[in-house]
Every structure is written in C-alpha cells, then in structure tokens.
Amino acid sequence: MKTIAFILLLFLPCLAFSQSIVKGKINDTSGKPLDGVTVTLSLDQKVVASAFADLGNFNLKYPAAGTYMLSASLVGYEPLLMQIQLPKDSLLLVMQASSKQLNEVTISYRRPLIERKIDRLSFNVENSILATGGSAWEAVSKTPGVQITASNEVTANRKNVRIYMDGKPLEISGDDLQAYLQGLPSDQVARIELFSNPPAQFDAEGASVINIISKSTKKQGLNLSLNSAFTQATYSRYSAGTSFNYRKDKLNIFGSYSYARRHNFQDHDTYINFGTSFWSNPSRNIYKTDNHTYRAGADYQLSENQVLGVLFSGNNRNGTTAGSGLTSVISNQQLDSTLRTDNFSKNQGNQYTYNLNYNLKLDSGKSNLNIDADYSTYNTNSEAFADNRSFLPDGSQTPSMFHIFTPSTQDISIYSGKVDYTYQIAKVWDLSSGIKYSSTESKNTFDYFDRVESTLRPVPENGNHFTYKESTAAAYTSLTRTLGKLTLQAGLRAEHTRTRGYSITLDSLNQRNYFKLFPTFFGQYKINDQHELLLNYAYRINRPEYNRLNPAKRFSSPYNIYVGNPALQPSFVHSIELGYTFKQNYNLTAYYTQTQDLFTNINIQDNETKIYYGTHANLGYSAMAGLRVSATIHPLSFWEIYALGDLYRQREKSAYLSGSYDNRLVSFGGVLNQSFTIKSDMGLKAEINGVYNGPGLQGIYRSGHNTFIDAGIKTDIFAGKGNLRLAVSDIFNTNYYNVGINFQDQQSRFFHQVESRSVTLSLSYRLGKNLKAARSRTTASEEERKRAQ
C-alpha cells in the first residue's frame, strides 16, 4: 500500500513552473494543411520562438502575455506577417500560393557539429565526416564526452551510461551491444544526444543517457536512401544499408535494413606476478561476424487527433571467434614452462521487438496521451572449445592437457507497457506524467564437457543452469515553467523493483525487493542575450546486466576463469552540475558525481594455485569532481573549431579482500575537432579530430592514458544527392589501454587494444525529398533489453 501511495502522490503536483504554449494550424486557401512552414514569434524585434509545421500543426512557446509579431514562410507561398495578442487558445493561419513562377529551390540548414541545450549535448553525426561512413558504434565513440573502456563498456563523462535508440533504450549490453551498433550504419544516424543528468521521463537506470536519433523526413511520397562502406585495416570489412519512408495523407510507412560484415582482431596481454613466478600471456582474438539489422513500422492517423502505430525491429548475428595465446612462466629468472592456449567459438544471437502505440491529442492539442505495449525476445547460443597444452623449457610436451567443450544458451523474454500524459494546468504549468510496468525473465544454460579424443564426458559440477526474473513498476511527474529570465524544471520518479535469481545447479536463491525515489532538477537563468547560468541535479540507479549475475564458470584455460556474481547489488549515483554559458559558444561546467555500492569487474589471483579469477563485486565509494570547459570557435568563415577540456579528481575507497584501499588521482581529458569548408559549391569539406583521455581509476584498477587522431575528407556527388567520404581512424595507432592492479599480493597488468587504425571509403545516395521516419516514440521494453546479453 505504501508503494501505491507514493506512486499516486507523483500525480498530485503541488508546485510547478512552466512556459506558456500557443498551438496553431496552417493551411492553404483550399484548406489543405501545409507541411514544412517556418513559423516565427518575435517580441521587440527579437525572436522568442520558432517552429516547423508538421502536416500543418505547430507549437510555439512564449514567456508571458503580450503583443507579438508572428511570421510564416514557405517556398511557393506569399509570406505572412501579423500582430497577435497572447495568450490565445489556438491559431489558424492561411497562406496564399505565390503568383511568381519559381524554379526548383533547395533550402538547407546545416546544424553546428556540437549543440548544447539545458539538459543535453547534441552531436550532429550527419555533419561529421569522421562519424559517418562507419557504424553507429564508431559514431558513439566519437561523441564528445563519451569513452570506451578497456572492457568495451561505454561511459559518458566517465559515468555508467544507458543507450537509447530514438527515445527507446536498447536492452542489450557488452559484446552484444557492440555487435548490434556495429551492424547499424552511422549514415542512418542524424545525431547523438548525451544527457549527463537525464530528466525524470527517462527510466532511472543509468547515471547518464545516450540517445541515438535516426534520420527522418516529413515529405509526402516515397523517400529512399542508400549507403555503403568499405574499410581496410589488417582485414577488410564492409557494410551496406537502406532506409525508406512512404507518407501519403493519413498513412506513413517506414523501414530500414542493413548488413555488416565485420572482420577484426583484439589483443589482450596479461602479466601476473604470483610471487614465486611471473606469468606473461600475450593473446589475440580474431572476430568474424555477419550482422543483419532491420525494422519496419507504420503510423495511421485515425482522426485529426489520434494516431495508431506498429513497429517491428530485429537483429540477427552469426559469427566466430578464434583466439590463441602463449603463456611463459618465469621462475628464478629462468623459463619454467610454456602454456599454449587455443580457443574457438561459434556464436549466434537473435533479437526481436514488437511495439503497439496509440497517441491521442486532447483539448485542442494542449494535452497528449501516449500508450505503448511491447514484447521483446532475445536469445543467444554459443559453442566454445578450449585447448591448453604445456611444454617444458626444452620444448617437449608434458602429459598435462586441457580440452573442453562448453555450449551455452540464453533466452530472455520481456513484457512491458507504459502510459505517458502531458498536459497544462491553468495555462501556465506544463506537466508530464507517466506510469510503466515491465517484467523480464532470463533462462540460462551452461554445460561443461571434457573432450577425450572424440568423446565428450560431462562434468556437471562445472556447469550451471540459472534463471533470473525481474519486475519493475514505475511512475513519474515532471513540471516546467519559465518566469521571465528563469526556467525551472523539477521531476520525481518512483520505481519498485523485485528480483529473483536462482541457480538450479547450486540450489542457490538470491532475492531483492526495493522501492526508490529518484528526483531531478534543472534550472536555467538568462542574465542577458550573451550570458546564462545552468544548474542540474539527478539521483540515478545502475543495475547489473543479466550476464554479470549468472554464476556459471567460464574457462578460457585451466588457469583463467570468469564467474558471475548472483549476489551483485545495484549502485546509486548522485550527480550535480553548475554551468555558465557565454554567447552560446563558450561553456564552463563544475560537476560532482558520487556512487555508492559501485559494482565493477575485479580480478583475483590465487598465488598458491596460480589461478586467475575474473568476476564482479560491489565495492564501496566512488567520487569524482571536476571542471569542464568547451568552446566553438570560427577563426575564419571556412574554419570551425570545437575544443573541450576536462580537469577532474577521482577517489575510490572500499574494503577489499583482507584490507582496504583509498585511491586518489588528478587527471585531464580533452577533445579538439576542426572542420574546414574547402569548396562549398562542391560540398568539399575536411575534418580532423584528436582525443586525449588521461589516466583514471575504477575500483582496484588504475588505467593509463589513451589517445587517438582521426582525419577525413568528403564531397558531394550526383548533383548533391550523394556523398563520397574517405576517413582514416587512429592514424598513429595509439588507441590502446594499459591497466594495472597493485594491492597487497595482487599484482597484475594488462595491455588491451581493439583494432582501430583503418581507412574507410563510404558512399551515400538519397532518392526523394529528404528522409523522415516514424514518429519518435518511446516503447516500453527498451530499458530491460539493454541489460540482456
């Protein structure tokens, strides 16, 4: 009952602040709605709001009651200019066709590469030579403020991140998330939004949010885009894709398909000091993957204020991983023995998502009701082989051999539903409220067999069958108002979560039942047209991905074992930022982030048995404080520079093993991006980008610096309907990681590098009138699918 009471209280707004909104419709003289009209609202010769009409409908926000000038313009129509008195319930505008005979005119607006708003940073991928022509994964990695860790995890401003696609969180993680985004061409991405402190409308999961926005168009008729890319590194890889949109009156049909062939390598070298011996293990894995990604959907306008939509998306992945490593064991400064390890696995993954959406506009568009129902499935299976042989210093093989076969499966089902309602109170408060329920079940099997020639001998004690169930009920309310120069937004989200993890093999049960409130706050004060102050705060949760909870033991050799932790608990994050902006181009931000019960990877070495364990654990306290500076500069008309610098201090503190640690570090990171317009009428442009990530801490790990430089050039072809790009990534091959552990008798270090130096030639071509996909809508199951693996 307490949970229900808390949820109901979220819908009883006690205090709110918001801008006022006037909604309008614009038609031609025959009454047909006009699309793409630019509508502008001005006060004292200053623009206070502007919008593009979507099938004749537009919304304009204004600060206070008064007399405003309203203008509307569209190629082929006479411009409108009129004086209006606000507030009004609604506006109806009529435009007359121009009497002049116009030749075909193309109007284009190029967004800046980086845009900052009150609650987010937008990286306009379609304007970046280096981010286009590759994969969405590569585009995410090039977003300012985003880091890819040595374990291929995505972080934003060094915080845990949740990745969304068109407002819908992806429910896969780790290698599966990487494979999915690598199969999605970045040519289908318009921009990437980075929310350092996400508002209450987002699920509470993730200390920060990355939202990938796909390209879209509002034009009538059929629109089609084609793209392809070829990349040469040590191995060749290529991709091709298409996306389409057909809009006719009340019906909009859209879809996309892409195929990617990946072939690359990853080096992971491990060096361990066991006290009496030193083990050196350089290794390389070679990956081959075929990835098919597709989606199809339709929206139908049931009436002027009702839309019904369906959406289906899928991903199929097949691949192999072949790995080899040679471990040298040194005792008393002499070679004691050598271990040869070979691994091979076949991997397959399938993901399908079904969404039904209903949208209703009420009260002449002042309120909006959105309902989503979702069902998602995700399954993977793997057949892995590991072979280990031991050799004496003279090269002779010892009788000790290790040959195993470990097949595994994972099947995840997610049911979810959500309702969102936006509305106004007393024509001055803008409110957004919603509820959501999701239920997830994961079934995992991991079997272990010794291989003796062609015979498989089961070893049940080394296998594991594990089930995990999770259900979350959530509700939120967010309120916004502008009072003169001050804009305030406050939100509160409540989530009640139940989890149950059961190892059938071990007969071990872990359950958790918790209720949490997650407040958010955003404030913006415009001192004048050139200066403004920003303040934001969020309380968030990081939940472990499902694979981290599975207690199955995975052997890459008899001395290297990975095991999940079913007792892993979520961590909770406080994050606050105070910023100053000058002329919209110069930004200074002071920030502080604190994480309690941080869960992270850990490695434990047993100096007696010489076994090296990898697992996950909740550690104690993690904090980071820093000062971030960014600027967009135009030294010359053809030259744009974006620079970002981040000076920060980290602290990691926790009890660990038989002792404790309190590690501190001051470090620095930076980005310098330069773009040049060489010949504008040809669309000939160049770009160079440099990134430096300083040393850092994560639990017991201390990582070294990481840096890379990319460059590219692009030109328009086919009368501006196509683009040809050539890009070089990681020119100096410096994008690698050195990570070390030095705690009590735990002394090891790693060198990790995913192949990153490459040359990519890409081509894109569009048919039709620019591309717009479906309505941007957030399905209900995305949050859970990202944690699947």
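Note that the structure is predicted; figures quoted are calculated from it, not measured.

Moving on: the overall build of the protein chain. Along the backbone of the protein chain there are five helices and 48 strands. The globule rule puts the C-alpha radius of gyration for 789 residues at 28 Å, and the 28 Å found for the protein chain is close to it. Across the 789 residues of the protein chain, 52% fall into the buried class. Across the protein chain, contacts joining residues at least 24 apart in sequence account for 65% of those joining residues at least 6 apart. For the protein chain, the exposed surface amounts to about 35,200 Å²; the carbon and sulfur share of it is 56%. Once the 80 positive and 66 negative side-chain charges of the protein chain are each reduced to a mean point, those two points are 6 Å apart.

Here we come to the pattern of salt bridges. Note on pairing: side chains with opposite charge can pair once their charged atoms come close. Summed over all chains, the structure comprises 25 salt bridges. Between Asp646 and Arg158 there is a salt bridge whose closest N-O contact spans 2.3 Å. One end of the pair, Asp646, is in strand β39 (residues 639-656); the other, Arg158, is in the loop between β11 (154-156) and β12 (159-165), with 488 residues separating them in the sequence. According to the relative accessible area criterion, Arg158 is partly exposed, its value standing at 24%. Glu193 serves as the salt-bridge partner of Arg191, at 3.5 Å between the closest nitrogen and oxygen. Put simply, Asp203, Lys436, Arg493, Glu495 and Arg543 are held in one network by salt bridges that share partners.

Bringing the confidence of the model for the protein chain into the picture now. Overall, the prediction assigns the protein chain a mean pLDDT of 86, with 92% of residues at 70 or greater. Model confidence for the protein chain, summarised as mean pLDDT per element, is weakest for helix α1 (residues 2-9) at 40 and strongest for strand β19 (residues 278-281) at 96. Counting interchain partners and residues more than four positions distant, the pLDDT-below-50 stretch residues 1-18 has 37 contacts. Ignoring residues within four places in sequence, the model shows residues 770-779, a span with pLDDT below 50, making 56 contacts including any to other chains.

The sheet built from four strands is open, its strands ordered β32-β33-β37-β36 with mixed pairing. A single partner strand is all that each edge strand has here, and the edge strands are β32 (553-557) and β36 (599-606). Adjacent strand axes in the sheet meet at a mean angle of 25°, parallel and antiparallel pairs treated alike. One ladder, built from three bridges, connects strand β33 (residues 560-563) with strand β37 (residues 611-618); its direction is parallel. Directly across from Ile561, in β37, lies its bridge partner Tyr613.

A cluster of nonpolar residues, Ile678, Ile713, Phe718, Leu724, Leu726, Val759, Leu761 and Leu763, forms a patch on the protein surface that exposes about 660 Å² of accessible area. Put simply, the parts of the chain that give the nonpolar patch at least two residues each are β45 (722-729) and β48 (758-767). The element best represented in the nonpolar patch is β48, accounting for three residues. Positionally, Leu724 belongs in strand β45. With relative accessibility at 34%, the residue Leu724 sits in the partly exposed group.

To continue, consider the sheet that holds strand β4 (residues 57-62). Spatial ordering of the open sheet is given by β4-β1-β7, a layout of three strands whose pairing is mixed. Each of the sheet's edge strands pairs with one partner strand only, and the pair in question is β4 and β7 (90-95). If you compare each strand with its neighbour and ignore which way they point, the axes differ by 30° on average. In terms of strand pairing, strand β1 (residues 20-28) meets β7 through six bridges, oriented parallel.

Checked against the element boundaries, Leu578 lands in strand β34 (residues 571-582). Expressed as a C-alpha distance, the spacing of Leu578 and Leu533, which sit 45 residues apart in the sequence, is 7.6 Å. Setting aside its immediate chain neighbours within four residues, Leu578 contacts Leu534, Leu535, Leu588, Thr589 and Ala590.

Here we come to helix α3 (residues 174-182). Among the nine residues that make up α3, seven are buried, leaving the element largely enclosed by the rest of the structure. Here α3 has its buried residues at Asp176, Leu177, Gln178, Ala179, Tyr180, Leu181 and Gln182.

The residue Lys250 is located in the loop between β17 (236-248) and β18 (251-273) in this model. The class for Lys250 is partly exposed, based on a relative accessible area of 44%. For the pair formed by Lys250 and Gly221, sequence separation is 29 residues and the distance between their alpha carbons is 12 Å. If near-sequence neighbours (up to four positions away) are discounted, Lys250 is found in contact with Asp299, Tyr300 and Gln301.

Reading guide: rules and limits
Throughout, residues of each chain are indexed from 1 in the direction in which the sequence is written. Per-residue local features are limited, in this predicted model, to residues with pLDDT of at least 70; the limit for side-chain atom pairs, both in listing and counting, is 80 or more; totals at the level of whole chains, interfaces and linings are taken over all residues. Think of the side-chain values as coming from all heavy atoms in the structure, minus any hydrogens and water. Segments assigned H or I by DSSP are reported as helices when at least four residues long, segments assigned E as strands when at least two residues long, and all are numbered from the N terminus. Computation of the radius of gyration draws on C-alpha atoms alone. For the globule rule, the value is 2.2 Å times the number of residues to the power 0.38. Per-residue accessibility, obtained with a 1.4 Å probe over protein chains only, is compared with the maximum for each type, and a residue is labelled buried under 20%, exposed over 50%, and partly exposed between these values. Throughout, a residue-residue contact means that at least one pair of heavy atoms, one from each residue, lies within 4.5 Å. Note on areas: Shrake-Rupley with a 1.4 Å probe; residue coverage comes only from the protein chains shown. Under the counting rule used here, the positive set is Lys and Arg, the negative set is Asp and Glu, and His together with the chain ends is not counted. Taken as the charge location is NZ of Lys, CZ of Arg, CG of Asp or CD of Glu. Every case where a carboxyl oxygen of Asp or Glu lies within 4 Å of a side-chain nitrogen of Lys or Arg is listed as a salt bridge. One number per residue, pLDDT, summarises how confident the predictor is, and it ranges from 0 to 100. Pairing between strands requires that DSSP locate at least two bridges from one strand to the other. Only the contacting stretch of a helix is used when fitting its axis, a line to C-alpha atoms as for every element, and angles between N-to-C directions run 0 to 180 degrees. Only residues whose relative accessible area exceeds 30% and that form no salt bridge enter a patch; like-charged residues are grouped when within 9 Å of one another, and nonpolar side chains (Val, Leu, Ile, Met, Phe, Trp, Tyr) when within 5 Å.

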